2 protein chains.
Amino acid sequence: MSSSSAHTYKQAGVDIHEAASLVDDIGVLVKRTQQKRKLANPFGLFAAAYDLSAYKHPIILTGCDGVGTKIELLLKHDQLEAAGKDLVAMNVNDVLTTGADPIMFLDYVGIPKIQKTQITRIIAGMTEYLEACNCILAGGETAEMPGMVPEGMVELSGFAIGACEKEDLLDPGTIAAGDVLIGWPSAGFHANGFSLVRRIIEKEKLQFSEDEMRTLLLPTLLYHEQPAALKAAGIRPRAMAHITGGGLPENLGRMFLKRGLGANLRIPFWQNDVVQKVLRHADPKDAIDTFNMGLGWVAIVSPADADKALACGQNAKIIGEMDTSAEVRVEIV
Amino acid sequence: MSSSSAHTYKQAGVDIHEAASLVDDIGVLVKRTQQKRKLANPFGLFAAAYDLSAYKHPIILTGCDGVGTKIELLLKHDQLEAAGKDLVAMNVNDVLTTGADPIMFLDYVGIPKIQKTQITRIIAGMTEYLEACNCILAGGETAEMPGMVPEGMVELSGFAIGACEKEDLLDPGTIAAGDVLIGWPSAGFHANGFSLVRRIIEKEKLQFSEDEMRTLLLPTLLYHEQPAALKAAGIRPRAMAHITGGGLPENLGRMFLKRGLGANLRIPFWQNDVVQKVLRHADPKDAIDTFNMGLGWVAIVSPADADKALACGQNAKIIGEMDTSAEVRVEIV
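Keep in mind the model is a prediction, meaning the values are calculated, not measured.

A. A look at the confidence of the model for chain A. With 94% of its residues at a pLDDT of 70 or more, chain A has an overall mean of 92. Contacts for the low-pLDDT stretch residues 1-5 of chain A, under 50 throughout, to residues beyond four places or in other chains number four contacts.

What follows is the structure, given as structure tokens:
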């Protein structure tokens with residue numbers, strides 16, 4: 001029997017009807033991500049279903065990531081759409097490195113209190129990127145956690161699933177000495193190293209105009225065109241890498257150091273005035289081990305494919321070659 | 001050139017080497033989840049790969065969830081293994097409702113500062129459940145976010161992927177009036193409704209012994225044995241439901257209300273002294289719309305299968321039948 005002194009869920013700070021109305025709003029955005037691919041869900045299922053029957057020997061690929069401490073600056077400067085794009089790109093790019101197509105993405109959003117406009121803007125950013133790479137926004141969880149997530153904060157994590165035919169899965173084990181490394185530009189720091197960026201801004205009392213801050217916070221680029229262009233040019237890369245936290249040394253090294261291979265990289269000076277305002281206060285070696293240094297995507301190809309690969313996507317450049325040094329050396333030239 | 005005044009990543013509160021050492025520790029636990037199923041990863045890949053070639057018409061299923069505000073109590077009472085189990089069960093159970101086998105799980109952990117023992121205990125809980133249902137811990141992200149996640153807090157979210165043959169995917173569209181609902185017990189509140197639970201504990205100044213608190217915080221049961229037993233008994237359920245936030249009305253209703261079907265449920269009084277200490281302060285209707293009320297798993301089966309289904313898993317009971325009322329009525333008897 002209901003009584004006025006009994007506790008309800010709404011009093012506890014959770015409004016189920018507000019949450020349900022949010023689901024309707026998001027539904028419109030979600031539909032945009034199901035133009036080329038569609039879920040195979042019977043009505044009422046508790047999980048998102050996708051039919052892989054068309055694949056002969058399907059391999060699925062998956063990864064999970066967040067946007068790290070960049071979220072604080074994104075929220076402070078009202079870059080909610082960029083936050084959504086960062087979340088998608090951080091996950092989808094990892095799937096794209098394998099040679100697979102991204103097919104489904106799920107997001108987890110933790111907030112102190114549901115604010116429809118805020119969440120809708122984050123999801124609008126997500127769906128813009130997802131639509132671009134034909135990846136379905138297959139689900140997600142918006143967790144209202146009054147008292148657990150700090151006021152004004154948004155916790156974001158994401159998760160992508162890709163699929164490809166077994167024969168199309170790239171194998172970093174095929175990388176050999178003499179192979180050529182091709183790099184494509186990043187848009188800025190993307191979503192890595194922001195603990196260091198924030199510390200430098202604070203300690204050095206750096207000032208940025210709102211324009212400069214938007215540049216500093218540009219979302220991680222989505223690298224779906226590079227693998228597609230390489231494939232269209234008939235090139236099967238040895239491997240591809242998404243350059244995130246750990247920079248070029250870690251993200252490349254993990255693919256070949258244990259086999260005694262190394263890479264000798266000569267990369268151009270990072271022409272980005274806003275980024276350099278921060279970067280000149282960082283320890284140079286630490287910068288190389290933390291930031292993408294202007295290169296967000298790298299493909300390793302056979303020497304015979306290097307010229308053709310350079311024509312794939314905009315502003316590709318040769319940044320070095322594989323050797324047997326068992327280390328990744330990065331020189332800025 | 002490095003200089004003593006330049007900022008490093010470690011000064012910014014992020015220790016990459018500590019993080020790498022954590023990865024080694026977790027590796028031992030992860031191996032336990034790859035006894036029956038194995039990843040198909042070539043060395044060095046940026047995403048976890050799983051080979052579905054053995055399936056004729058593979059469907060993959062996926063969902064995403066966290067443990068909500070229960071995490072605060074779990075941390076306060078040092079129930080880290082339970083937190084890991086809750087995270088797995090909240091996700092894997094959703095996949096299990098579809099008739100699929102869970103094959104991969106990924107976790108996202110956001111913390112102010114990496115504490116190896118803390119994370120290892122959470123992951124030990126996860127791997128215990130994952131090993132039980134032969135689901136691979138395929139990856140995850142541990143994000144160290146000094147200054148963003150409150151001190152002493154842990155943000156947890158998880159993602160599960162399942163797979164099944166197309167013909168084995170359950171279809172809630174087959175539910176019909178006259179079908180029988182079978183329920184299996186929950187261990188407690190599981191990981192839902194804790195905003196309300198916490199509010200009641202606080203406002204009513206409820207006191208619990210540490211034993212009682214452990215009972216209150218028992219992890220969500222993993223319902224992998226129920227679908228397996230139904231399958232072994234030759235029963236194809238119309239549908240199965242994991243009873244989480246929204247309780248029996250929402251979690252059952254989503255599968256059939258839109259088709260004009262309803263369910264008439266008579267459920268037993270929830271025999272759990274610790275749960276009842278909280279429950280008697282909740283608005284009774286709100287309780288039914290929020291908590292699992294002692295039933296964490298429901299299968300809807302044809303009347304002809306009801307008796308056989310009752311023998312599947314422990315303590316199953318008939319809780320009601322489908323009708324054409326277009327509503328879910330719950331009476332406690």
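We are not done yet, so read on.
B. Inspection of the relation of the copies chain B and chain A at higher detail. By a simple turn and slide, chain B fits onto chain A: the slide is 0.0 Å along the axis, the RMSD is 0.0 Å, and the turn is 180°. Those values place the two copies in the arrangement expected of a two-fold rotation axis. Of all interface residues in chain B, 99% are interface residues in chain A too; the two copies therefore contact each other through one and the same surface.

C. Region of the structure containing the nonpolar core. Core analysis: the biggest nonpolar cluster contains 244 residues, and A:I60 and B:I60 have the highest contact counts within it. The contact partners of B:I60, leaving out residues within four places of it in the chain, are A:A48, A:A49, A:Y50, A:L52, A:I60, A:I103, A:M104, A:I161, B:L52, B:I161, B:G162 and B:A163.

D. Looking closely at the domain arrangement of chain A. All names here are of chain A. For chain A, the assigned domains are domain 1 (16-168) and domain 2 (172-332). Computed from C-alpha atoms alone, the centre-to-centre distance between domain 1 and domain 2 is 25 Å. Listed by partner, the interface residues are 24 residues for domain 1 and 26 residues for domain 2. Of the roughly 2,200 Å² buried at the junction of domain 1 and domain 2 (both faces included), carbon and sulfur atoms supply 62%. Sorting the residues of domain 1 by area buried against domain 2 places K70, L73 and N93 first, and these three jointly supply 25% of that buried surface. Notably, a salt bridge pairs E72 with R198, separated by 2.8 Å at the nearest N-O pair. Between the two partners, domain 1 and domain 2, sit 13 residue pairs in polar contact (both at pLDDT 80 or more).

E. Region of interest: the pairing of strand 8 (residues 262-267) of chain A. Residue and element names in this part refer to chain A. Alignment of strand 8 against strand 10 (residues 317-323), held across four bridges, turns out to be antiparallel. Residue pairing for strand 10: N264 is matched across the bridge by E321. Across five bridges, the pairing between strand 8 and strand 11 (residues 328-332) is parallel. Residue R266 lies in a different strand from strand 11, and its bridge partner there is E331.

F. Expanded view of the packing of aromatic side chains. In this structure the tally under the stated criterion is nine aromatic pairs over all chains. Both rings, one in B:F189 and one in B:W270, keep their centres 5.6 Å apart while their planes meet at 80°; by these two values the pair is edge-to-face. Note that B:F189 is positioned in the loop between strand 6 (180-185) and helix 5 (194-203) and B:W270 in the loop between strand 8 (262-267) and helix 9 (273-279), a separation of 81 residues in sequence. Of the two residues, B:F189 and B:W270, neither departs from the other in class, the shared state being buried. Site record: aromatic cluster; members linked through ring pairs are A:F189, A:F194, A:W270 and A:F291.

Analysis parameters
- Residues numbered from 1 in each chain as written.
- Chains lettered and ligands numbered in written order.
- Predicted model: local features only at pLDDT ≥ 70, side-chain atom pairs only at ≥ 80, totals over all residues.
- Heavy atoms only, no water.
- pLDDT = per-residue confidence, 0-100.
- Contact = heavy atoms within 4.5 Å.
- Least-squares fit on C-alpha atoms with pLDDT ≥ 70 in both.
- Core = buried A, V, L, I, M, F, W, Y, C linked by side-chain atoms within 4.5 Å.
- Buried < 20%, exposed > 50% of the residue type's maximum accessible area, 1.4 Å probe, protein only.
- Domains from an automatic or database assignment.
- Buried area = accessible area lost by both parts, 1.4 Å probe.
- Salt bridge = Lys/Arg side-chain N within 4 Å of Asp/Glu carboxyl O.
- Polar contact = N/O pair within 3.5 Å; in protein donor to acceptor, adjacent residues only side chain to side chain.
- Pairing = 2+ DSSP bridges.
- Helix = DSSP H or I, 4+ residues; strand = E, 2+ residues; numbered from the N terminus.
- Phe/Tyr/Trp six-rings, centres within 6.5 Å; stacked < 30°, edge-to-face > 60°.

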